[in-house]
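Residue strings, one per chain:
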Amino acid sequence: MSSNTASSSAGAAGSVDSSAARKNSKRPKYSKFTQQELPACKPILTPGWVISTFLIVSVIFIPLGVISLFASQDVVEIVDRYDTECIPAPARTNKIAYIQGGGDKVCTRDLKVPKRMKQPVYVYYQLENFYQNHRRYVKSRSDSQLRSPKYENQISACKPEDDVGGQPIVPCGLIAWSLFNDTYALSRNNVSLAVNKKGIAWKSDKEHKFGNKVFPKNFQKGNLTGGATLDPKIPLSEQEDLIVWMRTAALPTFRKLYGKIESDLEMGDTIHVTLKNNYNTYSFNGKKKLVLSTTSWLGGKNDFLGIAYLTVGGVCFFLALAFTIMYLVKPRRLGDPSYLSWNRNPGGR
Amino acid sequence: MAGEKRIGMKLSKLYSFKCFKPSSREDHSQIGSRGYSRVVFCNDPDNPEALQLNYKGNYVSTTKYTAANFIPKSLFEQFRRVANIYFLVVAFVSFSPLAPYTAPSVLAPLLIVIGATMVKEGVEDLRRRKQDVEANNRRVEVYGKNRTFGETKWKNLRVGDVVKVNKDEYFPADLLLLSSSYEDGICYVETMNLDGETNLKLKHALEITSDEESIKNFRGVIKCEDPNEHLYSFVGTLHFEGKQYPLSPQQILLRDSKLKNTDYVHGVVVFTGHDTKVMQNATDPPSKRSKIEKKMDQIIYILFSILIVISFAGSLFFGIATRRDMSDNGKMRRWYLRPDETTVFFDPQRAVAAAFFHFLTALMLYGYLIPISLYVSIEVVKVLQSIFINQDQEMYHEETDRPARARTSNLNEELGQVDTILSDKTGTLTCNSMEFVKCSIAGTAYGRGMTEVEIALRKQKGLVPQEEVGDDSLSMKEKKANSKKSVKGFNFWDERIVDGQWIHQPHAELIQKFFRVLAICHTAIPDVNSDTGEITYEAESPDEAAFVIASRELGFEFFTRSQTSISLHEIDHTTGEKVDRVYELLHVLEFSSSRKRMSVIVRNPENRLLLLSKGADSVMFERLAKHGRQNEKETKEHIKKYAEAGLRTLVITYREIDEDEYRIWEEEFINAKTLVTEERDDLIDAAADKIEKDLILLGSTAVEDKLQKGVPDCIEKLSQAGVKIWVLTGDKTETAINIGYACSLLREGMKKILITLDSSDIEALEKQGDKDAVAKASFQSIKKQLREGMLQAAATTDDSDNPEMFGLVIDGKSLTFALDTKLEKEFLELAIRCNSVICCRSSPKQKALVTRLVKNGTGRTTLAIGDGANDVGMLQEADIGVGISGAEGMQAVMASDFAIAQFRFLERLLLVHGHWCYRRIALMICYFFYKNLTFGFTLFWYEAYASFSGKPAYNDWYMSCFNVFFTSLPVIALGVFDQDVSARLCLKYPLLYQEGVQNILFSWERILGWMLNGIISSMIIFFLTINAMSAQAFRKDGQVVDYSILGVTMYSSVVWTVNCQMAISINYFTWIQHCFIWGSIGVWYLFLVIYGSLPPTFSTTAYQVFVETSAPSQICWLTLFLVTFSALLPYFTYRAFQIKFRPMYHDIIVEQRRTERAETAPRGVLGELPVQVEFTLHHLRANLSRRDSWN
């Protein structure tokens, strides 16, 4: 700090101790980097750029929208809401009592195939107003317990479905406990339609998350029964219904795969569904739907993406047009008093 | 530091008044009692009694931390920031079941952020430590037991050691001077590191110790005051051979000052290490924060409020939903949540408590609204920015080998917002190397040269065509360079005087006396080069050096100074021969800023007593004898002319004293001098006053202080940029005005408002001596002048088509009144209306006061620039202090925030670096808030679909990496490298600087605009994603979207959007930006793959999510594409509209450049402003004046 300060002011200052000192010169080294002169592209929004950007976006988006819409239109989907219909008319005043009551709650539905449906036809159940993404619900599981029998006792996260009389429940937690238990039996022209319930879960789930040596234990043995029961002789990795259910949905309206029909359904066919209406969505005003759907390369039926693409593309096209007109009709005139008033309040982004 | 010092000194006065009435005896009677307990056993540090005292060693540490306390102390420093405390609390809460995230994912970013800052602190501290080690290990010679001097390290010195310090070495501790290489035990000391004064100070040893042999067996005991911070006081006694000798500051050599012009000294160590005065004085300079950073705090508070509001809203909904989970008759609604058997966090029976706890959870959940890495990023960016400033070749000064230095990094962006520059004149605008150019002797003016100011004035008046002047000055310079004879400090040529021709002049005798005064009346010290015989001088001030050099060149060569005599080689004007004359030096009446003169009393070889005196015209003319006023009129005339030519003038006088008068006076003077009290200085002044009268006028000198290179251009550019420049100088009004013209601060056609007290009625009052009346009249006069000025200014500025420019000039006396609380508002108002303001004759304190007035009165950013110790107060008071690392010591630089070698570099520092840094930081902060709001609000929207239960939309680790890995580097690149226009254009269109002054880029509209943009983006991202990927199958194989897939898709959209937003909002794309922006997106996918391949217990919902599920799904990619474009669309459209309808300055300039280049033909329009810019400039002025009237 104190070394090397300036020499005193008189004659001595500014002494030119030339070449020797030059070696230790403090002159900053030159490089394009340090002098902040790196070659750079400096994009600027000229009218041309603005218009062509909008045009290009619309030129890309509109076809994409059309393609997506077509893909969505290709999909044949049958949606049947049955939660109310499947309760006998007299019981409808108190649906909860009905669903919680005993007895076989069988119900039949007839679905008409509006268009030819190529196999595979996927069978889904759709629940609405069901918060599988509730924090309490999502946390209520034990991944390690699902994976290996060694960790059977890791049930701390599973309360209150953690144990029965000190014995751990496998699989524990609210998610497993509330396993969906409506069943569907499909038939066409009185010939039953095989619903393949294998291969509906993710491969990685079956292989890595759910152990093939873990068997259900004490499941649904608590004081309150939630949903479906599990066959204690089948390892969890084979219980695909459970695996599908345990992969929690992101939103309160969701579908889950029930199975696949591996034969084509012809237009005009009537699918007769015999379903057992066991699952209680009535307490929380949830809806239940049965969905049969084919898929396109984009997946299931949803026009939203196509429409959104078309809309954004359209907006961009409109903007391109608007800007073109604006630049043509009203180029930024120099010295235009209106420009001044616009600019009165400098700011913005 | 100086501020502290001043206060310290004042306190000491109070203290001494209270405790002991000034009298040396009483002072010394305190010794031994409290506060005066130090005992030093000279030359006997091993004395058992000395060991018992156990004074600390000379080891010095200036580091903030030690190895032991580094961690706790730096942690404490970290958590003084509100945001960090919030994150710490969050980290603690994350261990509780309230946490929506896992604890490690919360802790990791906090640790990284805090760790990075701590590393920075550590590195800085290590650097300080290195300096300490260097100082501690310096060598010094110490008198050992073997009765010889041996070398030891500074840190090993102990109290009582006798040391020997050689010429040009620093004193290792506070020493008591025993003896020196001079017989009479004097030595010269330079105290630049203490107070910034470069002049040499004289120290005397006590007579009894000054004999060199005596130190061999010297065994005295010093009893003195305890360590304190008062640099100019010392109280103690030396007990030696049974007698007591009082000690004063005269005998004390302070650590960090330097021995000059003395071969060696011997001294006893009195205070060591941290006990030394300089260390006791070390206080941290005031820490300054930039306006942007202060505003940023407000934004953080806004974000906190948003956070609280949305958390509260969420909790409300959550509370209601939870309450409803259990109906009154005990029926469960959402039975799958088991509301009958739950913890308090979800208990319908205690819904209020649940809602409250949820509120805490939500505070954590939406914590991403508060950018954790903002502070760290800003700090990193600022450090890198200052490196760029330091590395700028354009701000490197070849002659002094000094690059620019950003001494603090936290004010970079403030440089882009400077509204008012307060500049010192001498050494800042000028070189502070004085050249003797003219003189007036006996009413005749000598000296033919033309000063720069005169040239500049002529140029401005258009008397001389520009090129001719250019040629002229060039050839002059060449001539100077060619003629070897050119002498530094001497630029005088007049055939009547040089080469001994003066003897033929009519008043040869007076001329002789005149130069004798110059050769004798000074405190310079000659330094004879033994090889060449050439003599150089070390002088207190460059003026004095110029005088001595001038008298040497004209035949009065001063060559030796002893304690009691001054010797000259003179040319006898009768014989024309060279003779040596020795003048016995009796007394030196020193120069002080209050006295404004210095005198010496000598006995000439003819045994006559002479008082030789030089001083400012304001004090000298009134001291002239009646018979000494012969040439008064002419001389005054000349002085005025010189001042107009920008020269510094001094009046030269002499007088003969008769022996009797002298004897009486001397007694009084010596009495005063030997006093050791507070009043001493006043008494000395009073005594000096008595002898400095009845002087005989000889003439006056005129010394030119050359303008620094490029100053007028720089000032021109800065005022084009709309920056107001105030010059605060100690010079005379005329000099200041002319310098003002020379450096184009004042221009032809500018209306000058002069506020002064030099009116006849006030002078008349002064002569009557009624101080109260004078003060009252002065006050009224100033008030009237301010009012009039105001009216003048107001009358013309209404006519905005042709805004007239005003220049305000005010002198020091008037300033005293104008700074009075009753008038300061009016003064400020008037000053703001004026384009330039010059305050003349202002004291350092006034400089600081004016700075404070401007800073607080206008609320705008002020920059003070100066080079001397007298500017320190101003530098520290201003928002930014810029020190000129020139000739006048390092004090200003030490107190500054930025140091540059030349005033002209200020242009580049402000217009280029300031502008860039301001832009960068402003944009960076806006962008930071944008990106965090975009991210944070997607979480909030998701909550609305998750019954506000507190489940985040994304995997924990995605989120904790968001700020640290996926978005940080592009922001830093933005903050370090972005430029709207190149440096060349910044300088060419100084107007661009107004973006910073008006704070356009960081206005509330803009900040809120960015925030709004963030919220809109988040809505687009969220709602498009959830609708495009709703319940239907998202792949050919019929699988549906689940929590993990939606999260990944949405998160990818966020990463893409914020990074692409960055890409479209920056103006400058080098490979670095490309690398960082696209790299960040790449890193996200890389992370996803790596994290997804970890075992599922660790990766949970991210397990294989990209590879297995989302990457093969077309809809994921299509959604991403759609969402990213749509989210950018609002901003892009806005920008397109804005460029069309209300372009910003840089937009216009860039556009202009583009079209210019497209037309390729190198037309000669380069010098002109584009029409649009002219236009905006016009509008801007209107804006400015409106703003002013607002204040």
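Just so we're clear, the structure is a prediction, and the values are computed from it rather than from any experiment.

**Thoughts on the interface of chain B and chain A**
Often, the extent of an interface is quoted as the loss of accessible area upon association of its parts. Facing 138 residues of chain B, the contacting portion of chain A comprises 120 residues. Here chain B packs against chain A, burying approximately 11900 Å² in sum over the two surfaces, 60% of which is carbon and sulfur. Taken as a group, Trp335(B), Tyr336(B) and Lys1140(B) account for 7% of the area that chain B buries against chain A, more than any other trio of residues on that side. Joining chain B to chain A, the criterion identifies 3 salt bridges. We note a salt bridge from Arg247(A) to Asp1042(B), for which the minimum N-O separation is 2.6 Å. Applying the counting rule to chain B against chain A returns 36 residue pairs in polar contact (both at pLDDT 80 or more). The dominant element in the side of chain B that touches chain A, judged by the number of residues it contributes, is helix H39 (residues 1114-1141) of chain B, at 20 residues. Of the residues contributing to the side of chain B that touches chain A, the split by class is 67 nonpolar, 40 polar and 31 charged.

**Observations regarding the environment of Asn212(A)**
All names here are of chain A. Structurally, Asn 212 is set in the loop between helix H7 (203-209) and helix H8 (240-246). Take Asn 212: its relative accessible area is 52%, and that puts it in the exposed class. Separated by 63 residues in sequence, Asn 212 and Leu 275 place their C-alpha atoms 30 Å apart.

**Focus on the UniProt feature "transmembrane region" (unreviewed entry) in chain A**
Residue and element names in this part refer to chain A. Under the local residue numbering, the UniProt record ascribes the feature "transmembrane region" (unreviewed entry) to residues 49-71 and 307-329. Summarising residues 49-71: 100% helix, 0% strand, and an end-to-end C-alpha distance of 33 Å. Annotated as 100% helix and 0% strand, the span residues 307-329 places its first and last C-alpha atoms 32 Å apart.

**Quick look at the pattern of salt bridges**
Tallied over the entire structure, the rule returns 63 salt bridges over all chains. We note a salt bridge from Asp80(A) to Arg109(A), for which the minimum N-O separation is 2.8 Å. One end of the pair, Asp80(A), is in strand E1 (residues 77-81); the other, Arg109(A), is in strand E2 (residues 106-112), with 29 residues separating them in the sequence. We classify Asp80(A) as buried; its relative accessible area is 10%. The buried category is assigned to Arg109(A), whose relative accessible area is 15%. A salt bridge links Lys382(B) to Glu293(B); the nearest nitrogen and oxygen atoms lie 2.4 Å apart. Residue Lys382(B) is located in helix H11 (residues 374-391), and its partner Glu293(B) is located in helix H9 (residues 291-324); the two are separated by 89 residues in the primary sequence. Each member of the pair Lys382(B) and Glu293(B) is classed as buried. Via salt bridges that share partners, Glu161(A), Arg338(B), Asp340(B) and Glu341(B) belong to a single interconnected network.

Cut-offs used in this document
- Residues numbered from 1 in each chain as written.
- Chains lettered and ligands numbered in written order.
- Predicted model: local features only at pLDDT ≥ 70, side-chain atom pairs only at ≥ 80, totals over all residues.
- Heavy atoms only, no water.
- Contact = heavy atoms within 4.5 Å.
- Buried area = accessible area lost by both parts, 1.4 Å probe.
- Salt bridge = Lys/Arg side-chain N within 4 Å of Asp/Glu carboxyl O.
- Polar contact = N/O pair within 3.5 Å; in protein donor to acceptor, adjacent residues only side chain to side chain.
- Helix = DSSP H or I, 4+ residues; strand = E, 2+ residues; numbered from the N terminus.
- Nonpolar A, V, L, I, M, F, W, Y, C, P; charged D, E, K, R; others polar.
- Buried < 20%, exposed > 50% of the residue type's maximum accessible area, 1.4 Å probe, protein only.
- UniProt positions renumbered as here; feature names shortened; annotations may be inferred.

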